[in-house]
Amino acid sequence: MRRLLLIVFLSVSSVFANNDVDEKTADTLAKLWEVIVDTRSELAEIRKPAAVALSEEETASNEKREAELAARLAGLKKQFDELASGIREEDLQTADEAKLDLKEEFQDVLRPLVKELKKATERPRETEELREREQRLVDQAELAEEALARLSRWGELNGGAGKEIEKLQDLWKARQKDAQGQLAALAVQMEQQNSERGPLLEPVSDAFGKFFKGRGLSLIKAVAALIFTWVALRWLWRMTCRLPLIRRQDHGAFGWRLVELTMVVATVCLAALAALLVLYFSGDWLLLTVFVVFLVGLGWTAKSTVPRTFEQTKMLLNLGPVRKGERLTFEGVPWEVGTIGIYTELRNTELTGGLIRMSIKRLSTLRSRPHDPAEAWFPSKTGDWVLSGGNLGKVVMQTPEYVQLVRLGGARETFATPDFLSMAPVNLSKSFRVKVIFGIDYALQGIATGEVVEFFKAQLKLRVVDLLEERDHLNTINVEFHAAAASSLDYAILADFKGSAASRYNKIERGIQRICVDICNEKGWVIPFTQVTIHQAGDQ
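Please read these numbers as outputs of a predicted model, since none were measured by experiment.

J.: So what's going on with the sheet that holds strand E1 (residues 327-330)? Residues and values would help.
T.: Strand order in the open sheet made by the 5 strands is E4-E3-E2-E1-E5, with antiparallel pairing throughout. Whereas interior strands pair on both sides, the edge strands pair on one side only; in this sheet they are strand E4 (355-359) and strand E5 (368-369). Where strand E2 (residues 333-337) meets strand E3 (residues 343-347), 2 bridges bridge the pair, whose relative direction is antiparallel. Of the residues in E3, the one forming a bridge with valine 337 is leucine 346.

Have a look at this one:
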């Protein structure tokens, strides 16, 4: 029942609205016809034969008036017919009749802009024209003065030549007087123009006042409509994305990325359309023309960037060479790719300040690959002990730009992050091994692979812990026969430690050497030195 009442109400309202429009149209047609009748009468009156002969000027004036009335009558008749029938005459033209002249149409579009530019520069152009005219008159006066000075040399001539010189003098005096008179009039005109201009800031303030009352207000409305439409649509999209059903979607999937890209394009188009509509209904054809020309120029410029735009669109759809969640290397440092957009965030959680924003244009030049969860994002963390370039140091700062180490003794050494990575640093903070090569004399060859190995191993287990702050820092220690060298029997001492002992790496290496020497001294085992035998050739 309610729906039926609503339909009836709308139908009655439309009938009354149509009746109001028809009444206004009928009144307009009646008034327009009265103007047509009056114009016809005036035209017929002019076309009547004159009772007396007219002069040429009167005849030309009547012909001009007759042409004006005929054109006006034709326009009024066309307007009456179109208003009565509701159909324009141009709509009845065929394709051959209504040929499109692009040059003329383009001139029609730009005509308001050109008119406004001419109007804005009218005062400076007038001033410049007056100055140019003043300079021409000054030049004419100087030429007249030069001519009179030269003619005065021939004042002694008699006869016909003398009379001709006098005529020339009168002519140049008249020219000089005329130029001087025009200069005087021009000076007054320029003075009046300067007085009308008023204070220096007055034209500027008047121009700003007129701008913000008229065209400036339209511009502000158009910009406000553009911003409001953009913000409103983006807010609506964010609210939509918060819905439970939408939040459960895979935002990295192709379909979702396509929807996001379509939403961005639609938002831009609707915001531009809102600004255009505001300018259209404001009737400001100049700003509307400028805005349309700007959009056309933007589209024309985009034509040359279609291939690059296509590649960037593939990136936005997560179909390009760089994809969300994958790993890429930028300036020697590994990064995880965040959500790809106009600006994409690259993250490395192991670095202080490990977040950079990269434009899609630059991102398109890189390549990413799938990331294995076991892969480390950086070989160290702040507080780790590392061997870099063979030297021990503690990492106190690592950022995307630099890594800073504190060496034993307190000296700080700073590396560019790519240079630090190129040195392949060894991280000791989880666990590490110290390897020491130690040799004894060949005199112990009989017990070298049995008793010596076991004794070294047992004694090292007891004594190495004295080098550490806590006994449980040592994981394992092993002694193995390494090689029968040129002058010694060498053993490899392999000691594995926990990362908590990393700061004592150098001390442990030196301590193991000392313990081995102490063991040899206690057992009376000889530690050999490199022997070099020199053979001297005999006399020939």
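Let us keep going from here.
J.: How would you summarise the pattern of salt bridges if you had to cite specific residues and measurements?
T.: As a working rule, side chains carrying opposite charge can pair if their charged atoms are close by. Evaluated as defined, the whole model comprises 9 salt bridges. Between glutamate 375 and arginine 369 there is a salt bridge, with its nearest N and O atoms 2.6 Å apart. Residue glutamate 375 is classed as partly exposed on the basis of its relative accessible area of 25%. Notably, a salt bridge pairs aspartate 496 with arginine 433, separated by 2.6 Å at the nearest N-O pair. One end of the pair, aspartate 496, is in strand E13 (residues 489-498); the other, arginine 433, is in strand E11 (residues 431-440), with 63 residues separating them in the sequence. On the basis of relative accessibility, which here comes to 48%, the residue arginine 433 falls in the partly exposed class. Here the salt bridges share partners, and the residues they tie into one network are Arg327, Arg369 and Glu375.

J.: Describe the packing of helix H14 (residues 451-463) against helix H15 (residues 505-523), listing the residues and the values that go with them.
T.: Direction vectors running N to C along H14 and H15 enclose 125°, while the axes themselves pass 10 Å from each other. If you check the angle between H14 and H15, you find them oblique. For the element pair H14 and H15, the recorded crossing hand is right-handed. In contact with Glu451, Phe455, Phe456, Gln459, Leu460 and Arg463 of H14, H15 contributes Ile512, Ile515, Cys516, Asp518, Ile519, Cys520, Glu522 and Lys523. Residue composition of the contact of H14 with H15, by class: 8 nonpolar, 1 polar and 5 charged.

J.: Kindly report on the nonpolar core, identifying the contributing residues and their values.
T.: Within the largest apolar cluster, 37 residues are counted, with the highest numbers of intra-cluster contacts made by Phe432, Ile440, Phe456, Leu460, Phe497 and Ile512. Of all the secondary structure elements, the ones that give two or more residues to this core are strand E6 (385-388), E11, H14, strand E12 (474-484), E13 and H15. The biggest single contributor to this core is H15, with 7 residues. Those residues within four positions of isoleucine 440 in sequence are excluded, and the remaining contacts are Val452, Phe456, Ser488, Leu489, Tyr491, Cys520, Val526 and Pro528. Counting 24 residues, the second largest nonpolar core, distinct from the first, contains Leu317, Val337, Ile360 and Leu363.

J.: Hey, could you go over unusual backbone geometry for me, with residue numbers and the actual values?
T.: We note that glutamate 331 has phi near 55°; this positive angle belongs to a residue other than glycine. Position of glutamate 331 among the secondary structure elements: in the loop between E1 and E2. The backbone of alanine 424 sits at a positive phi, close to 50°, despite the residue not being glycine. Mapping alanine 424 onto the fold places it in the loop between helix H13 (417-422) and strand E10 (426-427).

The rules behind these values
- Residues numbered from 1 in each chain as written.
- Predicted model: local features only at pLDDT ≥ 70, side-chain atom pairs only at ≥ 80, totals over all residues.
- Heavy atoms only, no water.
- Pairing = 2+ DSSP bridges.
- Helix = DSSP H or I, 4+ residues; strand = E, 2+ residues; numbered from the N terminus.
- Salt bridge = Lys/Arg side-chain N within 4 Å of Asp/Glu carboxyl O.
- Buried < 20%, exposed > 50% of the residue type's maximum accessible area, 1.4 Å probe, protein only.
- Axes fitted to C-alpha atoms, helices over the stretch in contact; angles between N-to-C directions.
- Parallel < 35°, antiparallel > 145°, perpendicular 65-115°, else oblique.
- Left-handed = near helix turned anticlockwise from the far one by under 90°.
- Contact = heavy atoms within 4.5 Å.
- Nonpolar A, V, L, I, M, F, W, Y, C, P; charged D, E, K, R; others polar.
- Core = buried A, V, L, I, M, F, W, Y, C linked by side-chain atoms within 4.5 Å.

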